[in-house]
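These are the residues of each chain, in order.
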Amino acid sequence: MSTQLLVGGRIYSSSSPDATAMAVTDGTVVWLGAERPGRALHPDAEIIDLDGAFVAPAFVDTHVHVTALGLQLTGLDLSRARSLPHCLELVREFSAAHRGTVIGDGWDETRWPEQRPPSTAELDAAAGTGRAVYLARVDAHSAVASTALLDAVPAVRDANGYTAGEPLRAEAHHLVRAAALDTLDRAGRDRARAAALDHAAAHGVVAVHECGGPQIAGRTDIRELLEFEHGVQVRAYWGEAVTSAAGARALVDELGVHGLAGDLFVDGSFGSHTAWLREPYADRAGTGIGYLDADAITAHVRACTEAGIQAGFHAIGDAAADAVVEGVSRVAAELGAPAVATRGHRIEHAELLDGGQIAKLAEFGVIASVQPGFDAAWGGPDGMYATRLGADRAAAANPFSAMAAAGISLAISSDAPVTALNPWEAVRAAAHHRTPGHQISPRAAFAAATRGAWRAGGVRDGVAGTLVPGAPASYAVWEAADLVVAAASDTVQRWSTDPRSGVPGLPSLDPGVALPRCLRTVRAGTVIYDA
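None of the values given here were measured: they were computed from a predicted structure. (Residues numbered from 1 in each chain as written. Predicted model: local features only at pLDDT ≥ 70, side-chain atom pairs only at ≥ 80, totals over all residues. Heavy atoms only, no water.)

(A) Molecular detail of the sheet that holds strand S8 (residues 76–77). The mixed open sheet is built from five strands, whose spatial order is S8-S9-S10-S11-S12. Each edge of the sheet is formed by a strand with only one pairing partner; in this case those strands are S8 and strand S12 (168–169). Inspection of the sheet shows strand S11 (residues 142–145) paired to S12 by two bridges, in the antiparallel sense. Across the sheet, Ser142 pairs through a bridge with Arg169, a residue of S12. (Pairing = 2+ DSSP bridges. Helix = DSSP H or I, 4+ residues; strand = E, 2+ residues; numbered from the N terminus.)

(B) Spatial organisation of the nonpolar core. In this structure, Val208, Val266, Met403 and Leu410 are the most contacted members of the largest nonpolar core, which totals 63 residues. Shared between two domains, this core holds at least three residues of each, these being domain 1 (3–58 + 465–530) and domain 3 (262–457). What Leu410 contacts, discounting residues up to four positions off in sequence, is Ala368, Val370, Phe400, Met403, Ala404, Ile440, Ala448 and Gly452. (Core = buried A, V, L, I, M, F, W, Y, C linked by side-chain atoms within 4.5 Å. Buried < 20%, exposed > 50% of the residue type's maximum accessible area, 1.4 Å probe, protein only. Domains from an automatic or database assignment. Contact = heavy atoms within 4.5 Å.)

(C) Up close: unusual backbone geometry. Cis peptide bonds are those with omega within 30 degrees of zero, and the linkage from Ala416 to Pro417 qualifies with 15 degrees. Structurally, Pro417 is set in the loop between strand S19 (410–412) and helix H18 (423–431). One non-glycine residue, Asp26, lies in the positive phi region at around 50 degrees. Non-glycine residue His349 carries a positive phi angle of around 80 degrees.

(D) View of helix H3 (residues 84–97). Between its terminal C-alpha atoms H3 stretches 20 Å, which fits the 20 Å expected from 14 residues at 1.5 Å a residue. Looking at H3, one finds that the buried residues are Leu84, His86, Cys87, Leu88, Leu90, Val91, Phe94 and Ser95. Buried residues belonging to H3 abut S8, strand S9 (102–107), helix H4 (120–127) and strand S10 (133–137). The backbone nitrogen of His86 has a side-chain oxygen 3.1 Å away, supplied by the residue at the start of H3, namely Ser83. (Expected span 1.5 Å × (residues − 1). Polar contact = N/O pair within 3.5 Å; in protein donor to acceptor, adjacent residues only side chain to side chain.)

(E) Representation of the side chain of Gln72 within the structure. One can find Gln72 in helix H2 (residues 66–74). Not counting residues within four places of it along the chain, the set of residues in contact with Gln72 comprises Asp77, Ser79, Asp105, Gly106 and Pro417.

(F) Local environment of the environment of Pro43. In this structure, Pro43 sits in the loop between helix H1 (35–41) and strand S5 (46–49). With a relative accessible area of 61%, Pro43 lands in the exposed category. Linking Pro43 and Gly380, residues 337 residues apart in sequence, is a C-alpha distance of 55 Å.

(G) Spotlight on the domain arrangement of the protein chain. On domain assignment, one finds that the protein chain holds domain 1 (3–58 + 465–530), domain 2 (66–182) and domain 3 (262–457). Put simply, the middle of domain 1 and the middle of domain 3, counted by C-alpha atoms, are 31 Å apart. Contact with domain 1, which involves 24 residues of that partner, is made by 16 residues of domain 3. Where domain 1 abuts domain 3, roughly 1800 Å² becomes buried across the two surfaces, and 68% of that area is made up of carbon and sulfur atoms. If you look at where domain 1 meets domain 3, you find zero salt bridges. At the junction of domain 1 and domain 3, the tally comes to three residue pairs in polar contact (both at pLDDT 80 or more). When residues of the side of domain 1 that touches domain 3 are traced back to their parent elements, those giving at least two are strand S6 (54–57) and strand S22 (506–507). By residue number, the principal contributor to the side of domain 1 that touches domain 3 is S6, which donates three residues. Counted by class, the side of domain 1 that touches domain 3 contains 17 nonpolar, five polar and two charged residues. (Buried area = accessible area lost by both parts, 1.4 Å probe. Salt bridge = Lys/Arg side-chain N within 4 Å of Asp/Glu carboxyl O. Nonpolar A, V, L, I, M, F, W, Y, C, P; charged D, E, K, R; others polar.)

(H) Seen up close, the packing of aromatic side chains. All chains considered together, the criterion is met by twelve aromatic pairs. Aromatic side chains Phe59 and Trp478 sit 6.0 Å apart centroid to centroid with 70 degrees between the ring planes, which places their arrangement in the edge-to-face category. A residue pair is termed long-range when its members are at least 10 positions apart, and Phe59 in strand S7 (residues 59–64) and Trp478 in strand S20 (residues 475–479) qualify at 419 residues. The pair Phe59 / Trp478 is uniform in exposure class, with both members buried. Centroid distance Trp424 to Phe446: 5.5 Å. Interplanar angle 20 degrees. Geometry classified as stacked. With Trp424 in helix H18 and Phe446 in helix H19 (residues 442–448), this residue pair connects regions lying 22 residues apart in the sequence. Residue classification places Phe446 among the buried positions, given a relative accessible area of 2%. (Phe/Tyr/Trp six-rings, centres within 6.5 Å; stacked < 30°, edge-to-face > 60°.)

(I) Here's a closer look at the packing of H2 against helix H7 (residues 186–201). Between H2 and H7, whose axes approach to 7 Å, the crossing angle comes to 90 degrees. As summarised for this structure, H2 and H7 are arranged roughly perpendicular, according to the angle between their axes. Counted together, Val66, Thr67, Leu69, Gly70, Leu71, Leu73 and Thr74 of H2 and Arg189, Ala192, Arg193, Ala195, Ala196, Leu197 and His199 of H7 form the full contact between these two elements. Of the residues in the contact of H2 with H7, the class split is eight nonpolar, four polar and two charged. (Axes fitted to C-alpha atoms, helices over the stretch in contact; angles between N-to-C directions. Parallel < 35°, antiparallel > 145°, perpendicular 65-115°, else oblique.)

Here it is as C-alpha cells:
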C-alpha cells in the first residue's frame, strides 16, 4: 500500500472541519486531522506540503458538450464579440487563417448594440463567396449559415425552422449543424476533446457528463468520446426517445452510454425563442416549440424505468416542464413512485418551474441539473430573460431555493460551451441569484456541484464528493484567501455561520472577490492536473 500525507493546508471536510492534514492510501481518504498526529499515525507516508493551500472535494460538471467546448476553446469563439461588426471581423480573420468549413460558437445578439444576428449575405462577405460557415448562437438552439452551407443541405429550405432572413431553428438547424460537423476529421475532433478535458481538469473538475444526441453531435461523436483516454471521467448520456424497455437496453448497448437522458429535447431555449411556454413570448408571437409531448415522455420514462436505465429531459419553458411532470406522474401511477425514484431520473435546466411542478418532481425523486450561469448571464430586470418573458415571468426563473427546500436534489453544471466551465463561477452565481429569494447558500451550492453532481450520475454511496474517511480521494488544491462560513445572501446570520458550529469554511464568493486558482486536481489518488 502507498500512503500520501498532505500537511499544512486547510481541508474542507464535514467530519473534520478544522483539519490541516489528510492521509490518502491507494486512492482513498483514510484519515483527516492535525499534522502532528498525522505524522505519528503515518510515519512512512510520502509528505506533501500544501503551504497553506485549500483542499476541497473536486467538482463534477453534470451537463457538458465536450467536443463543442473544445472547438470553442481551439477555434472561433464568438462569445467575445462586442458587436455585430466585431463578430463579422472575427469571422473574417478566422476564415483568412484557416481552411475548410468555418465553425463558430457563442454569438449573442442581445449583447450587441445592433440587437440582431449576422445575415447570410454578411457571412458570405466576411468569409468569402463559396465558403461554408456555420455559427451557432450561444444557446446552440439556433444558428446562422452561409449560402454555400445552405446549398450543401438541399432539404434545409423546406424544413421546419427555416425562414429566409432569420436564424435557423428546429429541424432546419439540426440539418445544417450535422452537415457542418461532418466536415471535421477525427484528428480535429480529438484535439478539441483534449482541449476541453484539459480545461476541465485545470478548473478542479474530475468528471463531466456529456449530453449528446442525434441533433447535437451524432453517434460518431459519442462513440469517439467514450474511446478517448483522459484523466477526466466522462459519463455519457444520449438524448433519443424510446418506447420499450427492450429498445432502451438495445440503444444503451449499441452506443455504450450510461443513460438515455441529458439533452433529450422537450423544447429549446429562451434566447432562440424555442423554449416551450404556456403563454406567448413578450417580444415575439408564439409559444416556442415542443419537441416531445406527454405521451412520448411517458413512454420514454416507462421504458427506462423498466429497463433500469436513467432517463431525463431537456426542459426549459413552463409548458415543457408541464409535459415532463405529466409523463413522470403517469409512470409513477403505473409502476409506483418508489420504482421511479429509484432510477434517479433527471431534468436538465428546469428554468421556469412553479410550486406544483416542484412538488411533483420532488415526490418522484427527479434530480435537477441546473445552470446558475444562465441567471448570471441573462437574468435580472434588464436581462435577456426579461425581454423574452416579461418581468414577472423572468423573476420566476431558476427558483433554486424553492427546489432545494422541496427536496429536489440539485446538481450544478455549466452546459459548456453555453456558459463557461468554471465551477466556482457557477457556485457564486447560485449564491448570488439575480432574483432575491431564489439563491441558495454557498455551502449548499458547493454541495450541489460536488456531492449532488455525483448523485446525479448515479453514485449514491454517501461519501463521493466529500473528504471523509472511506471517500475516494478526488480533490482539488486551490490557492485561496481567507475562508468564510456564509448563509444565503438574503438571510440573517444563522447558527451555522458561527465559528463554534464547526462548519467548514469556503473561499469568499462575494461579487468582485477573486475566485480560487486551481493548483492541482486529483482523481481517485491520481494527479490529472498540476499547475
